[in-house]
Amino acid sequence: LLNFGLPLALRMMAVGAVLYAMQRFGALSWLLKNARKMKGMAAMILIFSAFSVFGTAAGIEFAGLVINFRDLGAMMAGLLGGPLVGMFVGLIGGAYRYSMGGWTATACFAATVSAGLVSGLLSRYWKGRIDYRKAVFTGVLAESMHLLLFLPLLQQGGSTEVVLETIRALFLPMTVVNALGLFLLVYIMDKEKRMRNSNSSKEDRC
């Protein structure tokens, strides 16, 4: 966790910085208001696909693998935009990873699509009410599916020993960093809600 999780978390904070800037300049509010409209969905797919691709590009190479936070963009898209948006972001982020090849390519592609789809379905089940506990649960669930389900089932060319070593090396840092990213998303969304409520109160007093 210290060797890979901390450096990965520091790189993931770039995503947090972008989200914070979006919140400060009103872009996040616009996305939330238009989350069910075509223009809002298209904007979400574009933005969160960029996050997903960045999650791969900013990953840490280890023994021929890349420890990354690619699934984070897909999960954020699913939680904010629903299963369709999450799935499309997962397809784009997963396709970028698949194009890089390697014995984990198919598993990583399927896992990223699944992360976006599952997070979107959870958001719909929760009726869009996402708190810190639900965010962390989503991150842990998605990464558990990624490394404990898709990797053993869809790996191509890796022996059982290699798969187990990969899971041991990747599970903790990737799960913690992705869950932390979703935790940060909820924090920024809460900040946005408090700002909107504050502005509404001021308008009522006027």
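Residues numbered from 1 in each chain as written. Predicted model: local features only at pLDDT ≥ 70, side-chain atom pairs only at ≥ 80, totals over all residues. Heavy atoms only, no water.

Digging into the overall build of the protein chain
When you go through the protein chain residue by residue, the secondary structure sums to eight helices and two strands. Taken from N to C terminus, the helices and strands of the protein chain fall in the order α-α-α-β-β-α-α-α-α-α. Computed over C-alpha atoms, the radius of gyration of the protein chain comes to 17 Å, within 12% of the 17 Å expected from 2.2 N^0.38 for 206 residues, which places it in the range of a compact globule. If one aligns the C-alpha atoms of the protein chain with their principal axes, the spans along those axes are about 70 × 35 × 25 Å. (Helix = DSSP H or I, 4+ residues; strand = E, 2+ residues; numbered from the N terminus. Rg over C-alpha atoms; globule rule 2.2 N^0.38 Å.)

Things to note about a nonpolar patch on the surface
On the surface, a cluster of nonpolar side chains totalling about 320 Å² of accessible area is made up of L84, F88, L91 and I92. By relative accessible area, which is 37% here, I92 ends up partly exposed. (Patch = residues over 30% accessible without salt bridge, like charges linked within 9 Å, V, L, I, M, F, W, Y side chains within 5 Å. Areas by Shrake-Rupley, 256 points an atom, 1.4 Å probe, with all protein chains shown as cover. Salt bridge = Lys/Arg side-chain N within 4 Å of Asp/Glu carboxyl O. Buried < 20%, exposed > 50% of the residue type's maximum accessible area, 1.4 Å probe, protein only.)

Focus: the pattern of salt bridges
Oppositely charged side chains may form a pair once their charged atoms are brought near each other. For the structure shown, the criterion picks out one salt bridge. Across the pair E165 and R168 runs a salt bridge, and its minimum N-O distance is 2.7 Å. Separated by three residues within a single helix, E165 and R168 lie in helix α8 (residues 160-205), roughly one turn from each other. Residue classification places E165 among the partly exposed positions, given a relative accessible area of 36%. On the basis of relative accessible area, R168 is assigned to the exposed category, the value being 58%.

Looking at the nonpolar core
L19, F48, F69 and M76 are the most contacted members of the largest nonpolar core, which totals 54 residues. Looking at this core element by element, the count peaks at twelve residues for α8. Those residues in contact with F69 that sit more than four places away from it in its chain are L8, R11, M12, V15, F54, G55, A58, V177 and N178. (Core = buried A, V, L, I, M, F, W, Y, C linked by side-chain atoms within 4.5 Å. Contact = heavy atoms within 4.5 Å.)

Comments concerning the packing of helix α5 (residues 83-99) against helix α6 (residues 105-125)
In helix packing, the relevant descriptors are the interaxial angle and the interaxial distance, both defined with respect to the helix axes. One can describe the packing of α5 onto α6 by two numbers: an axis separation of 8 Å at closest approach and a directional angle of 165°. Relative to α6, α5 is oriented roughly antiparallel. Considering how the two elements wind past one another, α5 and α6 form a crossing that is right-handed. Mapping the contact onto sequence places P83, G86, M87, G90, L91, G93, G94, A95, R97 and Y98 in α5 and A105, T106, C108, F109, T112, V113, G116, L117, G120, L121 and R124 in α6. Of the residues contributing to the contact of α5 with α6, the split by class is eleven nonpolar, eight polar and two charged. (Axes fitted to C-alpha atoms, helices over the stretch in contact; angles between N-to-C directions. Parallel < 35°, antiparallel > 145°, perpendicular 65-115°, else oblique. Left-handed = near helix turned anticlockwise from the far one by under 90°. Nonpolar A, V, L, I, M, F, W, Y, C, P; charged D, E, K, R; others polar.)

Quick notes on the packing of aromatic side chains
If you walk through the whole model with that rule in mind, you get six aromatic pairs. When the ring of F4 is compared with that of F62, the centres are 4.9 Å apart and the planes differ by 55°; the resulting orientation is tilted. You can see F4 sitting in the segment before α1 (5-24) and its partner F62 sitting in strand β1 (residues 60-62), a full 58 residues away along the chain. Ring geometry for F48 versus F51: centroids 5.5 Å apart, planes at 80°, classification edge-to-face. Here F48 pairs with F51, and both are found in helix α3 (residues 38-57), just three residues apart, close to one helical turn. On the basis of relative accessibility, which here comes to 0%, the residue F48 falls in the buried class. Residue F51 is classed as buried on the basis of its relative accessible area, which comes to 9%. (Phe/Tyr/Trp six-rings, centres within 6.5 Å; stacked < 30°, edge-to-face > 60°.)

Re the layout of surface pockets
Looking at the largest pocket, its volume works out to about 250 Å³. In terms of lining residues, the largest pocket is bounded by 18 residues, among which L32, L79, L80, G128 and M189 are the most central. Of all the secondary structure elements, the ones that give two or more residues to the lining of the largest pocket are α2 (27-33), α4 (70-81), α6 and α8. Tallied by class, the residues present in the lining of the largest pocket amount to seven nonpolar, five polar and six charged. The calculated volume of the second largest pocket comes to roughly 200 Å³. (1 Å grid on protein atoms, 1.4 Å probe; cavity = no way out; pocket = protein on both sides within 12 Å on 5 of 7 lines; lining within 4 Å. Points joined across faces, edges and corners; volume = space filled by probe spheres on them.)

Considerations on the packing of α4 against α5
Closest axis-to-axis distance for the α4/α5 pair is 7 Å, and the angle between their directions is 165°. In terms of axis orientation, α4 runs roughly antiparallel to α5. Handedness of the α4/α5 crossing: right-handed. On the side of α4, the interface is formed by R70, G73, A74, A77, G78 and G81, while α5 contributes P83, V85, G86, V89, G90, G93 and R97. Residue classes in the contact of α4 with α5 are distributed as five nonpolar, six polar and two charged.

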